[in-house]
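Letter by letter, the chains look like this.
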Amino acid sequence: MSFFHHIPVLVDAYKYVLELLQPVKMYPYHNIAHTLDVFGRSHALCVAENISEREMTQVLLAALFHDTGFVKSYSKNEVIGIDIAREWLEKY
């Protein structure tokens, strides 16, 4: 987490998503470990592509929220995840 500790929205989203995904243990891929893997790999790609901090923040937020819909439903989880991200970001 240290590579983004100076970007408050990422710190807060990281904490929120990890807490949100805590009960999702029944899926072999759509869980905290997978989300953290996607997050780390997304960061590595952002660094490799030398994108701006603003663009990196957007990519990393997407990586964090990408499977959050599974907390509510397996089917249509993508749309649900979008709603979860939108609601959190609007409140933020």
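In this text, all values refer to a predicted model and were calculated from it rather than measured experimentally.

A. Quick peek at unusual backbone geometry. Backbone geometry at N50 places phi at a positive 55°, although glycine is not the residue there. Mapped onto the elements, N50 comes out in the loop between α2 (32–49) and α3 (53–65). Residue classification places N50 among the exposed positions, given a relative accessible area of 68%. Positive phi, close to 60°, is recorded for K76, a residue that is not glycine. Inspection of the secondary structure puts K76 in the loop between α3 and α4 (77–91). Residue classification places K76 among the exposed positions, given a relative accessible area of 65%.

B. Region of the structure containing the pattern of salt bridges. Inspection of every chain in the model, using the stated rule, returns 2 salt bridges. Across the salt bridge formed by D37 and R41, the nearest N and O atoms sit 2.8 Å from each other. Placement of the pair is D37 and R41 together in helix α2, with a separation of 4 residues, close to one helical turn. D37 sits in the partly exposed class, given a relative accessible area of 36%.

C. Representation of the environment of F3. With respect to the secondary-structure elements, F3 resides in the segment before α1 (8–21). On the basis of relative accessibility, which here comes to 32%, the residue F3 falls in the partly exposed class. It is 11 Å that separates the C-alpha atoms of F3 and V47, two residues lying 44 residues apart in sequence. Excluding residues within four positions of it along the chain, F3 makes contact with F39, H43 and L60.

D. Just the nonpolar core, in detail. Ranked by internal contacts, the top residues of the largest apolar core, which has 26 residues, are F4, L10, F39, L64 and F65. No other element matches α1, which puts 8 residues into this core. If we ignore the near neighbours within four places in the chain, the residues touching L64 are L10, A13, Y14, V17, T35 and F39.

E. Layout of the packing of α1 against α4. Relative orientation of the contacting elements α1 and α4 amounts to 135°, with a least axis distance of 12 Å. The angle between the axes of α1 and α4 places the two elements in the oblique class. Crossing of α1 over α4 shows right-handed handedness. Between α1, through V9, D12, A13, Y16 and L20, and α4, the contact on the second element is made entirely by I84, W88 and L89. Each residue belonging to the contact of α1 with α4 can be placed in one class, and the counts come to 7 nonpolar, no polar and 1 charged.

Analysis parameters
Residues numbered from 1 in each chain as written. Predicted model: local features only at pLDDT ≥ 70, side-chain atom pairs only at ≥ 80, totals over all residues. Heavy atoms only, no water. Helix = DSSP H or I, 4+ residues; strand = E, 2+ residues; numbered from the N terminus. Buried < 20%, exposed > 50% of the residue type's maximum accessible area, 1.4 Å probe, protein only. Salt bridge = Lys/Arg side-chain N within 4 Å of Asp/Glu carboxyl O. Contact = heavy atoms within 4.5 Å. Core = buried A, V, L, I, M, F, W, Y, C linked by side-chain atoms within 4.5 Å. Axes fitted to C-alpha atoms, helices over the stretch in contact; angles between N-to-C directions. Parallel < 35°, antiparallel > 145°, perpendicular 65-115°, else oblique. Left-handed = near helix turned anticlockwise from the far one by under 90°. Nonpolar A, V, L, I, M, F, W, Y, C, P; charged D, E, K, R; others polar.

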